[in-house]
Amino acid sequence: MLHPIQTGVCFVVLVTSALAQTFAVPATKPASAARVDSALLSLSLEFFAFPGYTQVTSTSVCMNHIATLRGHAPAVRIGGTTQDRATYSLNLAEAVNYTVASSADAPTSLTFGPSFFSLAAGLKGADVTIGLNRQLNNMANSLQAAVQAKNSMTNLYAIEIGNEPDLYGSGSPIITTGTWSPIADGQSEQSWQNAMSSSTGDIFQAGVYLSNSWNIPSLITTLGSAIRHTKTFSRHSYPQSACNGASTNLPSLMSHSSIVTYVAQYASEASAVHAAGKQYFLGETNSATCGGGGISPTFGAALWIVDYVLQGALHGVDRLYFHQGTIGNCAYCFWGRFTTGAPFYGVYFVSQFLGTDGVSIVMLDSGTSSLATYVVYSSAGAPLRALIYNSAYYDGTTTRSSAIVTLTGLSNTGKQSLRLTAPAATSRVDEGAAVTIGGLTFDGNCNSVGSETVEVVSASGGEAIVSVKASEALIVFL
Ligand SMILES: *[C@@H]1O[C@H](CO)[C@@H](O)[C@H](O)[C@H]1NC(C)=O
């Protein structure tokens with residue numbers, strides 16, 4: 001996949017205004033290194049749209065890229081708002097049935113049949129989590145679906161019962177008594193897990209909260225001994241929102257220090273989940289809700305993904321499931337029917353950084369500036385690759401600044417690097433901009449076009465010097 005060219009050109013130009021920083025690369029894995037799950041970067045597919053995704057060429061092609069780069073398929077969670085609008089129908093021949101006024105709409109109610117789970121069983125090599133309905137308060141129906149999932153999917157990993165119950169409105173059938181609260185929800189999750197687990201096994205993904213005021217440590221307390229039926233805990237996370245006219249901000253989304261601060265909020269929740277012996281996932285996440293506010297399809301969002309995924313691992317998030325919504329009406333989606341969006345370039349790049357051999361990472365910077373520097377280590381504790389992300393915002397209108405980064409403590413000289421770049425943070429593939437990874441691009445079906453060209457890195461005496469422009473990222477092969 002790597003296609004080196006030996007240009008012999010030393011491209012580093014010391015610009016007086018450039019940010020210059022030096023980082024010592026630990027020669028062996030530090031004790032502080034964070035474990036990287038083999039499915040750290042995973043996918044969430046909106047429930048009603050899932051059968052449609054299996055008909056889109058890019059779905060398997062994009063997922064195969066991640067699987068090849070990481071040596072393990074990304075996990076898939078099938079769920080979202082429409083899981084709580086769905087009713088299982090044993091006699092339905094189609095995977096899903098619903099009516100919408102426009103193909104851009106999500107259905108307000110739908111039915112799904114046994115073939116829904118046959119399609120899910122076809123996600124080979126993936127851990128698949130199925131999101132079922134709790135809001136409609138029809139446990140018998142959700143149990144029937146869960147049993148069908150268990151019987152037809154060898155890749156079934158977990159079952160969610162309810163999506164974002166913190167948002168259940170007062171008219172929700174599940175709210176049978178006066179007030180809905182974290183305690184009421186926890187008791188509901190407890191009783192559903194207790195009732196269903198004898199048929200399904202102990203495979204529930206609990207929580208699935210969006211609101212930060214509904215927290216997982218409290219849920220753990222409320223679940224009590226029912227936690228033995230819980231396999232994983234999920235929290236949903238969207239750093240920004242365009243809902244109800246809220247404005248979005250791309251410089252803030254992609255800012256390294258902002259990403260560090262944002263993800264750090266999950267560290268204590270992750271610790272509590274790990275202390276309970278379970279895994280902690282951002283089970284549905286992406287950049288901005290309610291249409292993305294113009295920032296979600298940009299190259300800046302691709303850079304955000306790179307940094308956000310690595311910060312997730314550093315703060316105890318075992319997996320991040322990036323949500324893919326309505327096909328053809330989804331600003332943050334990695335792919336659709338016609339375009340592989342800029343965000344997928346970030347997915348590909350961070351997957352290549354972690355590789356098939358990367359098992360743990362460290363951050364070398366303090367997390368307080370625009371410059372991020374990470375190192376990924378092998379199972380033997382040897383440094384494999386460094387990733388440098390210059391999150392300074394470049395909108396394409398002024399002079400583009402650069403960071404000059406010196407890596408020291410390297411074992412030998414003659415390094416190579418791979419650059420993720422675009423004309424500006426605002427660049428969009430769907431508007432024709434050239435987002436590239438060492439020159440590599442993707443066509444509308446997610447097939448790679450061209451090959452990656454690495455750069456020769458100026459290096460001597462165990463030191464390598466690289467230049468990373470504002471709104472750009474670079475992998476250095478160590
Ligand atoms: C599919 O749903 C529509 C309502 O949206 C309903 O009229 C129709 O009978 C359903 N088809 C099947 C096969 O259940």
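Residues numbered from 1 in each chain as written. Predicted model: local features only at pLDDT ≥ 70, side-chain atom pairs only at ≥ 80, totals over all residues. Heavy atoms only, no water.

Caption draft 1: Here's a closer look at the pairing of strand E11 (residues 204–209). With six of six residues buried, E11 lies mostly within the body of the structure. Across two bridges, the pairing between strand E10 (residues 156–161) and E11 is parallel. When the sheet's bridge partners are listed, Ile159 is paired in E11 with Phe204. Handedness of the crossover joining E10 and E11 through helix H5 (residues 182–200): right-handed. Pairing of E11 with strand E12 (residues 230–237), which is carried by five bridges, proceeds in the parallel orientation. (Buried < 20%, exposed > 50% of the residue type's maximum accessible area, 1.4 Å probe, protein only. Helix = DSSP H or I, 4+ residues; strand = E, 2+ residues; numbered from the N terminus. Pairing = 2+ DSSP bridges. Right-handed = clockwise from strand over helix to strand, strands pointing away.)

Caption draft 2: Main features of the nonpolar core. Formed by 121 residues in total, the largest nonpolar core has its most connected members in Ile78 and Phe112. The greatest single-element share of this core, amounting to 11 residues, is contributed by helix H10 (residues 299–314). Every residue in contact with Phe112, bar those within four places of it in the chain, is listed here: Phe47, Ala86, Thr87, Tyr88, Ser89, Leu92, Ala95, Val96, Phe117, Leu132 and Ala145. In terms of nonpolar packing, the next biggest core, distinct from the first, is built from 19 residues, Tyr377, Val405, Leu410 and Leu474 among them. (Core = buried A, V, L, I, M, F, W, Y, C linked by side-chain atoms within 4.5 Å. Contact = heavy atoms within 4.5 Å.)

Caption draft 3: Broad picture of the state of the cysteines. Throughout the structure, instances matching the rule amount to three disulfides. Here Cys330 connects covalently by a disulfide to Cys333, the sulfurs 2.0 Å from one another. Measuring the twist about the S-S bond at about 85°, one finds the Cys330-Cys333 disulfide to be right-handed. With a relative accessible area of 8%, Cys333 lands in the buried category. Once the bonded cysteines of the protein are numbered in order along the sequence, the disulfide links fall as 1-6, 2-3, 4-5. (Disulfide = S-S within 2.5 Å.)

Caption draft 4: Focus on the environment of Asn286. When you line up the elements, Asn286 lands in the loop between strand E14 (279–285) and strand E15 (288–289). It is 5.9 Å that separates the C-alpha atoms of Asn286 and His323, two residues lying 37 residues apart in sequence. Leaving out residues up to four positions away in the same chain, Asn286 has contacts with Ser237, Tyr238, Pro239, Trp304, Phe322, His323, Gln324, Tyr332 and Phe334. Within the structure, the side chain of Asn286 is placed 2.9 Å from the backbone oxygen of His323, a separation counted as a polar contact. Looking at Asn286, its side chain comes within polar contact range of the main-chain oxygen of Tyr332, at 3.4 Å. (Polar contact = N/O pair within 3.5 Å; in protein donor to acceptor, adjacent residues only side chain to side chain.)

Caption draft 5: A look at the site of the ligand. Residues in contact with the ligand, as listed here, are Leu92, Asn97 and Thr99. Here an oxygen atom of the ligand and a side-chain polar atom of Asn97 are 2.3 Å apart. Take Thr99: an N or O atom from its side chain is 2.6 Å from an oxygen atom of the ligand. When the ligand sits alone it has 370 Å² of accessible area, and the protein chains cover 34% of it. (Near = heavy atom within 4 Å. Areas by Shrake-Rupley, 256 points an atom, 1.4 Å probe, with all protein chains shown as cover.)

Caption draft 6: Looking closely at H10. With 16 residues, H10 should cover 22 Å at 1.5 Å per step; its first-to-last C-alpha distance of 23 Å lies within 8% of that length. Most of H10 sits out of view: 15 of its 16 residues are buried. (Expected span 1.5 Å × (residues − 1).)

Caption draft 7: Structural context of the sheet that holds strand E6 (residues 86–88). Overall, mixed pairing links the three strands, which are arranged E6-E8-E7 in an open sheet. On the outer flanks of this sheet lie E6 and strand E7 (96–97), each paired with one strand and no other. Direction of pairing for E7 relative to strand E8 (residues 110–112): antiparallel, over a ladder of two bridges. When the bridges of E8 are listed, Val96 appears paired with Phe112.

Caption draft 8: The arrangement of the sheet that holds E11 in detail. Pairing is parallel around the closed barrel formed by eight strands, whose spatial order is E4-E5-E9-E10-E11-E12-E14-E16. When the angles between neighbouring strand axes are averaged without regard to direction, this sheet yields 25°. Along the sheet, H10 contacts strand E4 (41–46), E12, E14 and strand E16 (319–324); its crossing angle with E16, the most-contacted strand, is approximately 145°. (Axes fitted to C-alpha atoms, helices over the stretch in contact; angles between N-to-C directions.)

Caption draft 9: Just the pattern of salt bridges, in detail. Evaluation of the coordinates by the stated rule reveals 15 salt bridges. Across the pair Arg77 and Glu284 runs a salt bridge, and its minimum N-O distance is 2.8 Å. Placement of Arg77 in strand E5 (residues 76–79) and of Glu284 in strand E14 is noted, with a sequence separation of 207 residues between them. Across the pair, exposure class does not vary: Arg77 and Glu284 are buried alike. Its salt-bridge partner being Arg419, residue Glu472 comes within 2.6 Å of it at the nearest N-O pair. (Salt bridge = Lys/Arg side-chain N within 4 Å of Asp/Glu carboxyl O.)

Caption draft 10: Spatial organisation of the side chain of Gln193. Inspection of the secondary structure assignment puts Gln193 in helix H5. Residue classification places Gln193 among the buried positions, given a relative accessible area of 0%.

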